[in-house]
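Reading the structure
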There are 4 protein chains.
Amino acid sequence: MAIMRMPLERRFSDLDLMGHVNNVAYHDYLQEARFRLLAELGRETVEALPQVVARQEIDYVRPIGIGLEPLIVETWVESVGRSSYVVAYLILDSDGSLAAKARTVMVLFDEATTRSRLIPDDVRSWLESAMAEEGTDGDSRNDRLPGEAEL
Amino acid sequence: MAIMRMPLERRFSDLDLMGHVNNVAYHDYLQEARFRLLAELGRETVEALPQVVARQEIDYVRPIGIGLEPLIVETWVESVGRSSYVVAYLILDSDGSLAAKARTVMVLFDEATTRSRLIPDDVRSWLESAMAEEGTDGDSRNDRLPGEAEL
Amino acid sequence: MAIMRMPLERRFSDLDLMGHVNNVAYHDYLQEARFRLLAELGRETVEALPQVVARQEIDYVRPIGIGLEPLIVETWVESVGRSSYVVAYLILDSDGSLAAKARTVMVLFDEATTRSRLIPDDVRSWLESAMAEEGTDGDSRNDRLPGEAEL
Amino acid sequence: MAIMRMPLERRFSDLDLMGHVNNVAYHDYLQEARFRLLAELGRETVEALPQVVARQEIDYVRPIGIGLEPLIVETWVESVGRSSYVVAYLILDSDGSLAAKARTVMVLFDEATTRSRLIPDDVRSWLESAMAEEGTDGDSRNDRLPGEAEL
């Protein structure tokens, strides 16, 4: 599957005083994209696993105004570690121009001990199926994301 | 003034399905803290200047549940550049335990050209008055924040 | 045009602790529907006029869960007065079942005096073009809405 | 206890494009006030009971701007029926002027059958303790609320 490309509706309530989509609303978009990515991967498997958002980083590239055409969010799994994985995103305005790029670190945890836990094999394979290819596209995207040193 | 320490009310609507303050709501807290910091510094001066959020990063350290006691948000200016400045935050649960640490890069821009602009001297001095001291406290806080290499 | 029937995406963030779309989110849906109705009618004309929400009433008929299929919101102008008009809505779940019915009273005002003002003729004709027909459909819908006595 | 009078913080994110607290945010305030009223009444008893919002109505009396002083929300139980009860509210701006008045109908239901259920005696007595007195204050407040005919 690699990169999931999903349309996402703006809402009037996403705007702030300045008439732009407020910086907080972008995180709502990221959450929605992540939710749909997990649903796509088989919610029963991935969502049923207790996990938390451990870290987020976002670069706002260009402001987004209101509009009836949906935004486009591209979402993929960037890496899978022992107990965590990284989801990466590009938020594109309806004309295709880059509006923001972001990353989320998700950590699986054990509800009994509330400590992080290993990613089970079946979940790992789901997640790996959503990793972006190392091809031209993947490379150019990585260039547009904050470098590894930042994580 | 250095570090501004403000109580901030949680709302029932900040909770998600899991019964914790949702990761998106933290960004609402950061915006609120930043808004009040700027108000404290003299809104006329700083808020009147067109500026945008250019980057945010947040580490979620410990989940926050619902509660009637306010959270505490500590906010300060970490650095002031030529056309941008960095606001840093600690979000503490009502018992004082660290729940999240975050940073926002703000960039001033010129409305006519929509390009970044130099921070005027009077704004710079306001912002510098909100920079945290380099003392013990400042040091230990910096230790708890993502290192410089990450920015 | 009469009744506008629009699909509307749910978001994960619309859910509350109970796993249902929170009662507050319904008002976000109403605002969005109203916004799109006005956009459809020619935003330049209607949105440019200063107006405020004067009253809202909503009956929650059946809870809404999460889902990837959009909700359907039916929106129309129920009546046009001298300085106010009434927008009516049905929120339908993605399977077509009625989830909520609502009404908003909008009032036009004059920015200089901040008092209500007469609806100009051109706006009135736009609004009237969005009034639901008095046919079978209109009748049955009215039956499903709170009666006139309630307004 | 009768009328509960609670301060409630505005947030920058409650504002919309027009610089006023958006109509949707008022419903967040109502939910928060209801949540705190139930917490005050003994959350274990009342909140543990499955209940849903069945109806809401709100009159927006005067716009609310941003401000660092909290709003005041007055909340009380207006009536208790067999399986439902009505919560009434006044939202006051920080200067004490009336900004909105509202009512919510809550219905208790049985999770097994998903049908409405009788209010148990202990809950009824909690709720009745939050009913406003029939004194001068109560009377004048009722005058400021939409009349019974509207419900």
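1. Concerning the sheet that holds strand E5 (residues 98–108) of chain D
- Taken together, 10 strands build an open sheet; the order of strands is E1(C)-E3(C)-E4(C)-E5(C)-E2(C)-E2(D)-E5(D)-E4(D)-E3(D)-E1(D) and the sheet is antiparallel. Strands at the two margins of the open sheet, each flanked by one partner only, are strand E1 (4–8) of chain C together with strand E1 (4–8) of chain D. The average undirected angle you get between the axes of adjacent strands in this sheet is 25 degrees.
- Pairing geometry for strand E2 (residues 51–60) of chain C and strand E5 (residues 98–108) of chain C, over nine bridges, is antiparallel. Paired with Arg-55 of chain C across the two strands is Val-105 of chain C, which belongs to E5 of chain C.
- Helix H1 (residues 23–40) of chain D contacts E2 of chain C together with E1, strand E2 (51–60), strand E3 (71–80), strand E4 (84–92) and E5 of chain D of the sheet and is inclined by roughly 130 degrees relative to E2 of chain D.

2. Quick word on the relation of the copies chain C and chain D
- With an RMSD of 0.0 Å, chain C superimposes on chain D once it is rotated by 180 degrees and translated 0.0 Å along the axis. In symmetry terms, the pair is related by a two-fold rotation axis.
- Here 100% of the contact residues of chain C are again contact residues in chain D; the copies associate through an equivalent surface.

3. Describing the interface of chain C and chain D
- At the junction of the two partners, chain C supplies 18 residues and chain D supplies 18 residues.
- There are four salt bridges connecting chain C and chain D.
- A salt bridge links Asp-59 of chain D to Arg-55 of chain C, with the nearest nitrogen and oxygen atoms 2.8 Å apart.
- Here chain C is connected to chain D by 15 residue pairs in polar contact (both at pLDDT 80 or more).
- For the side of chain C that touches chain D, the element with the highest residue contribution is E2 of chain C, accounting for eight residues.

4. Quick notes on the packing of aromatic side chains
Residues and elements named next belong to chain B.
- Under the definition given, this model contains 12 aromatic pairs over all chains.
- Their ring planes at 40 degrees and their centres at 6.2 Å tell us that Tyr-26 and Tyr-29 sit as a pair that is tilted. Remark: Tyr-29 and Tyr-26 occur in helix H1 (residues 23–40); sequence separation between them is three residues, near one turn of the helix. Pair check on accessibility: Tyr-26 and Tyr-29 agree, each one buried.
- Note on Tyr-26 and Tyr-60: the rings are 4.8 Å apart at their centroids and 85 degrees apart in plane angle, and the pair reads as edge-to-face. Taken as a pair, Tyr-26 in helix H1 and Tyr-60 in strand E2 (residues 51–60) lie far apart in primary sequence, 34 residues in all. The same class applies to Tyr-26 as to Tyr-60, namely buried.

5. Describing the relation of the copies chain C and chain A
- Between the two copies, chain C and chain A, the superposition gives an RMSD of 0.0 Å; the rotation angle is 180 degrees and the shift along the axis is 0.0 Å.
- A shared binding surface is used by both copies, with 100% of the interface residues of chain C retained as interface residues in chain A.

6. Focus on empty space enclosed by the protein
- Evaluated as defined, the whole model comprises three cavities of 30 Å³ or more.
- The volume enclosed by the largest cavity comes to roughly 1000 Å³.
- Forming the walls of the largest cavity are 45 residues, and the residues nearest its centre are Asp-28 of chain A, Ser-13 and Asp-28 of chain B, Asp-28 of chain C together with Asp-28 of chain D.
- Of all the secondary structure elements, the ones that give two or more residues to the lining of the largest cavity are helix H1 (23–40) of chain A, H1 of chain B, helix H1 (23–40) of chain C together with H1 of chain D.
- Across the lining of the largest cavity, the residue classes tally to 17 nonpolar, 12 polar and 16 charged.
- Estimated volume of the second largest cavity: approximately 50 Å³.
- Contributing to the lining of the second largest cavity are Glu-32, Phe-35 and Arg-36 of chain A together with Glu-9, Arg-10, Ile-66, Gly-67, Leu-68, Glu-69 and Pro-70 of chain C.

Quick notes on the rules
- Residues numbered from 1 in each chain as written.
- Chains lettered and ligands numbered in written order.
- Predicted model: local features only at pLDDT ≥ 70, side-chain atom pairs only at ≥ 80, totals over all residues.
- Heavy atoms only, no water.
- Pairing = 2+ DSSP bridges.
- Helix = DSSP H or I, 4+ residues; strand = E, 2+ residues; numbered from the N terminus.
- Axes fitted to C-alpha atoms, helices over the stretch in contact; angles between N-to-C directions.
- Contact = heavy atoms within 4.5 Å.
- Least-squares fit on C-alpha atoms with pLDDT ≥ 70 in both.
- Salt bridge = Lys/Arg side-chain N within 4 Å of Asp/Glu carboxyl O.
- Polar contact = N/O pair within 3.5 Å; in protein donor to acceptor, adjacent residues only side chain to side chain.
- Phe/Tyr/Trp six-rings, centres within 6.5 Å; stacked < 30°, edge-to-face > 60°.
- Buried < 20%, exposed > 50% of the residue type's maximum accessible area, 1.4 Å probe, protein only.
- 1 Å grid on protein atoms, 1.4 Å probe; cavity = no way out; pocket = protein on both sides within 12 Å on 5 of 7 lines; lining within 4 Å.
- Points joined across faces, edges and corners; volume = space filled by probe spheres on them.
- Nonpolar A, V, L, I, M, F, W, Y, C, P; charged D, E, K, R; others polar.

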